[in-house]
Amino acid sequence: MSIASLFSAMPGNVAQGIIWGIMALGVFMTYKLLNFADLTVDGSFATGGAVTVILVTSGWSVPSALVMACIAGILAGMVTGILHTVLGIPDILAGILSQIALYSINLNIMGGKANVAVSVDRYNLLISLRFVPKTIVIAALFAIVLIALMYWYFGTSQGCAIRATGSNPAMSRAQGININLMKVITLALSNGVVALSGGLMAQYQGFADINMGRGAIVIGLAAVIIGEVLGHALFGKRMNFIIRMLFVVLGGVVYYIVIGIVLWLRMPTNDLKLFTAIIVAIFLAVPYLRGQAKSSFRKAAKRGGNV
Amino acid sequence: MLQVKEIYKTFNPGTVNEKRALNGASLTLEEGEFVTVIGGNGAGKSTFLNAVAGVWPVDAGSIVIDGEDVTGLCEYKRAKYLGRVFQDPMTGTAADMEIQENLALAARRGQRRGLGWGISGKERERYHEMLKILDLGLEDRMTSKVGLLSGGQRQALTLLMATLQKPKVLLLDEHTAALDPKTAAKVLETTERIVTENHLTTMMVTHNMRDAIAHGNRLIMMNEGKVILNIAGEEKKKLTIEELLHKFEEVSGTEFTNDKAILS
Ligand SMILES: Nc1ncnc2c1ncn2[C@@H]1O[C@H](COP(=O)(O)OP(=O)(O)O)[C@@H](O)[C@H]1O
Ligand SMILES: [Mg+2]
């Protein structure tokens, strides 16, 4: 349990944090902008990994494999969108259905195997845990380009229509916005980004695994929420859209650094997901409890009693 | 400009909650007509406006706007013809978006939402001028989130949004009912100005008989899902509240039941 071992593990945590931070940008689109809790991501993250590894090992270049991974994620998101808008299935359930379906689809993509390796020695991978500094630079570049693209897109007429749909669907319809179309588009783009990060993660760890996306939604939410709290603390009212997105990625990094510290403290790996769930629950609860503290029945009773 | 013919709407058909909210309501509005709509609670006023807006399909009847039959068009497709302001100030704006972004959204009503900028520099100048005329100090807060505005400010903004692109028909559903009297008067004044300046064909639902008489050039009364009274021209100008109540009792055979409305 030396400090040195903690520090030697840090760069790896940062690298993973950025990759999950990219995934969290996808979650940010649906959860924050569209106001849609999309559970498809647990499946589409693994889809991205599976498609990338299978294509690279069968001779595709890494960039084109990543593009295909992205497209696969877009299709998955569209399915969730159609389940929700055309077939009227509630948002959470639509996502769960896609997620379950993707489990089988991902297995099929990987030729029935639960785990397929892609060695950095044999293929020209963009990133790998064997080259952590390079990974950090490249993953950060991906994140920055993505943030720039999202900044542009959500400033366009279409992007504004998406944000309006998330903020007030009734008003959006009255303003002539096809809110169902906006939902499908956002879910597609979001899962495209999630699959892209899955493709990066598979390269980083050197394999795709059927379970690599398990709990992705919770990690994504953790990054989004931690980023939000940090951003608010540091920038307050000056936080604009770019800074908000930067902090989403940063939230992912902070999350993995915390995980690194927790592991260094010898918490059993088995308890990691429990730990994550507790962290996210606390961060989700804080804004609510803060509101409660301002106006609660108990306080009202006390005030009443003082008259 | 607007022809509504014999529309019917029953909510929750075949259940214990079955409610016939529109029962053959008809109305024709000429271009530039400003009609005020009154009627008791549950008379079907909001339902009528929602039917025109296409919130759901009507069971029977037809709705024609400026010569085009829109009966089969869904809400977002009809939106390009309509400006709407609702009773609840929260309904008409996107709280998480800036004042100028809300205006820009409204300016694009009925257009394809593509990849052009969501708001341009030229638009910003135009909105600045328009907000100045509202005289609520909003022109200096164009990048503030709408969620920070008061109810009255939000209604004034919604009104501006509804008329930014000249609508064929402007639908106002008790848009001052949730405001305090002073703010309500100001929003109503703004309404009058915008409607007159732009010569807008307008339906304004109000529970205030005095306002219903003071504004517009025509007055209709609804009861049990039908238009039961129609007063226009000189008759409308000379109308008093007592006369109106009397007429209502005459036509419907019951007493006027909107407790909020009496002489308020
Ligand atoms: N969406 C709805 N579902 C069920 N009943 C409704 C709905 N909208 C209106 N109603 C009923 O239809 C009747 C007319 O309502 P409304 O048009 O809102 O009256 P008002 O004239 O007060 O605006 C009322 O009895 C109301 O309860
Ligand atoms: Mg009403």
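Residues numbered from 1 in each chain as written. Chains lettered and ligands numbered in written order. Predicted model: local features only at pLDDT ≥ 70, side-chain atom pairs only at ≥ 80, totals over all residues. Heavy atoms only, no water.

1. Looking at the overall build of chain A
Working step 1: Along chain A, the regular secondary structure elements total 12 helices and two strands.
Working step 2: When the helices and strands of chain A are listed from N to C terminus, the series reads α-α-α-α-β-α-α-α-α-β-α-α-α-α.
Working step 3: Expressed along its principal axes, the backbone C-alpha trace of chain A runs to roughly 75 × 55 × 35 Å.
Working step 4: Across the 307 residues that make up chain A, the buried fraction comes to 51%.
Working step 5: When contacts within chain A are restricted to residue pairs at least 6 apart in sequence, those whose partners lie at least 24 apart make up 77%.
Working step 6: Per element, the accessible surface of chain A, about 14,000 Å² overall, is 69% carbon and sulfur.
Working step 7: Within chain A, the 7 negative side-chain charges are centred at a point lying 13 Å from the centre of the 20 positive side-chain charges. (Helix = DSSP H or I, 4+ residues; strand = E, 2+ residues; numbered from the N terminus. Buried < 20%, exposed > 50% of the residue type's maximum accessible area, 1.4 Å probe, protein only. Contact = heavy atoms within 4.5 Å. Areas by Shrake-Rupley, 256 points an atom, 1.4 Å probe, with all protein chains shown as cover. Lys, Arg positive; Asp, Glu negative; His and termini not counted. Charge placed at Lys NZ, Arg CZ, Asp CG, Glu CD.)

2. Structural notes on the sheet that holds strand β6 (residues 82-85) of chain B
Strand-to-strand pairing in sheets goes through backbone hydrogen bonds, with the strands running parallel or antiparallel.
All names here are of chain B.
Working step 1: Ordered by their spatial adjacency, six strands build an open sheet running β6-β7-β8-β3-β9-β10, and the pairing between neighbours is mixed. Two strands close off the open sheet at either side, each with one partner strand: β6 and β10 (226-232). On average, each strand axis in the sheet is inclined to that of its neighbour by 20°, with strand direction left out of account.
Working step 2: Examined bridge by bridge, strand β3 (residues 34-39) and strand β8 (residues 202-205) share four bridges and lie parallel to one another. Bridge pairing in β8 links Val-37 to Val-205.
Working step 3: Helix-sheet contacts for helix α9 (residues 241-252) involve β3, β9 (218-223) and β10, and the interaxial angle to β10 is about 140°. (Pairing = 2+ DSSP bridges. Axes fitted to C-alpha atoms, helices over the stretch in contact; angles between N-to-C directions.)

3. A look at the side chain of Asn168(A)
Working step 1: Note on placement: Asn168(A) falls in the loop between α6 (157-167) and α7 (169-174).
Working step 2: By relative accessible area, Asn168(A) is classed as buried at 10%.
Working step 3: A polar contact of 3.3 Å, which involves the side chain of Asn168(A), links it to the backbone nitrogen of Ala170(A).
Working step 4: The residues touching Asn168(A), leaving out its near neighbours within four places in the chain, are Met90(B), Thr91(B), Gly92(B), Thr93(B) and Ala94(B). (Polar contact = N/O pair within 3.5 Å; in protein donor to acceptor, adjacent residues only side chain to side chain.)

4. Quick notes on the interface of chain B and chain A
Working step 1: Taken together, the contact pairs 28 residues of chain B with 20 residues of chain A.
Working step 2: Taking both partners together, chain B and chain A bury about 2,000 Å²; carbon and sulfur atoms supply 58% of that area.
Working step 3: If you sort the residues of chain B by the area they bury against chain A, Tyr76(B), Arg113(B) and Leu115(B) come out on top, with a joint share of 31%.
Working step 4: Residue Arg173(A) is joined to Glu75(B) by a salt bridge in which the shortest nitrogen-to-oxygen separation is 3.2 Å.
Working step 5: Contributions of two or more residues to the side of chain B that touches chain A are made by α2 (75-78) and α3 (99-107) of chain B.
Working step 6: Broken down by element, the residue count for the side of chain B that touches chain A peaks at four residues, all from α3(B).
Working step 7: Residues that form the side of chain B that touches chain A fall into these classes: 13 nonpolar, eight polar and seven charged. (Buried area = accessible area lost by both parts, 1.4 Å probe. Salt bridge = Lys/Arg side-chain N within 4 Å of Asp/Glu carboxyl O. Nonpolar A, V, L, I, M, F, W, Y, C, P; charged D, E, K, R; others polar.)

5. Observations regarding helix α1 (residues 3-34) of chain A
Working step 1: The principal kink in α1(A), of about 35°, is found at Val27(A).
Working step 2: Just downstream of α1(A) lies Asn35(A), where phi reads positive at about 60°. (Bend = angle between axes of the 7 residues up to and from the residue.)

6. What to know about unusual backbone geometry
Residues and elements named next belong to chain B.
Working step 1: Here the phi dihedral of Asp-66 falls at roughly 50°; this positive angle occurs in a residue that is not glycine.
Working step 2: Here Asp-66 is to be found in the loop between β4 (60-65) and β5 (68-69).
Working step 3: In this structure, His-199 takes a positive phi of about 55° despite not being glycine.
Working step 4: Checked against the element boundaries, His-199 lands in the loop between α6 (181-198) and β8.
Working step 5: A residue is classified by how much of its surface remains accessible, and His-199, at 47% relative accessible area, is partly exposed.

7. Thoughts on the site of ligand 1
All names here are of chain B.
Working step 1: Every residue close to ligand 1 is listed here: Phe-11, Asn-12, Lys-19, Ala-21, Gly-40, Asn-41, Gly-42, Ala-43, Gly-44, Lys-45, Ser-46 and Thr-47.
Working step 2: A distance of 2.8 Å separates an oxygen atom of ligand 1 from a polar atom in the backbone of Lys-45.
Working step 3: Coverage of ligand 1 by the protein amounts to 63% of the 560 Å² it exposes when considered alone.
Working step 4: Listing elements by their share of the shell around ligand 1, those giving two or more residues are β2 (19-29) and α1 (45-53).
Working step 5: Looking at the shell around ligand 1 element by element, the count peaks at three residues for α1.
Working step 6: The residue makeup of the shell around ligand 1, split by class, is three nonpolar, seven polar and two charged. (Near = heavy atom within 4 Å.)

8. Some thoughts on a positive patch on the surface
All names here are of chain A.
Working step 1: Taken together, Arg-298, Lys-299, Lys-302 and Arg-303 make up a surface patch of like positive charges.
Working step 2: As for its position among the elements, Lys-302 is in helix α12 (residues 297-306).
Working step 3: Classification of Lys-302 by relative accessible area gives exposed; the value is 57%. (Patch = residues over 30% accessible without salt bridge, like charges linked within 9 Å, V, L, I, M, F, W, Y side chains within 5 Å.)

9. A short note on the sheet that holds strand β1 (residues 2-11) of chain B
Residue and element names in this part refer to chain B.
Working step 1: Spatially, four strands are ordered β2-β1-β4-β5 in an open sheet, and the strand pairing comes out antiparallel. Looking at which strands have only one partner, the edges of the open sheet turn out to be β2 and β5.
Working step 2: Relative to β4, β1 runs antiparallel, the two sharing five bridges. By the bridge assignment, Gln-3 is partnered in β4 with Val-64.

10. Observations concerning the pattern of salt bridges
Working step 1: The tally for this structure, following the rule as stated, stands at 12 salt bridges over all chains.
Working step 2: Of the charged contacts, one joins Arg163(A) and Glu101(B) as a salt bridge, the two residues approaching to 2.7 Å between their closest N and O atoms. Of the two residues, Arg163(A) is situated in helix α6 and Glu101(B) in helix α3; the pairing between them involves two chains.
Working step 3: The shortest N-O distance in the salt bridge between Arg218(B) and Glu33(B) comes to 3.1 Å. Within this pair, whereas Arg218(B) is found in strand β9, its partner Glu33(B) is found in the loop between β2 and β3, the two being separated by 185 residues in sequence. By the burial criterion, Arg218(B) is buried, and Glu33(B) matches it.
Working step 4: Bridged by salt links that share partners, the residues Arg173(A), Glu75(B) and Arg84(B) form one connected network.

11. Some points on the confidence of the model for chain B
One rule of thumb: low pLDDT means the predicted coordinates there are not for detailed reading.
Working step 1: Summary statistics for chain B give a mean pLDDT of 92 and a share of 97% for residues scoring 70 or more.
Working step 2: Reported confidences for the modelled complex are a pTM of 0.92 and an ipTM of 0.91. (pLDDT = per-residue confidence, 0-100.)

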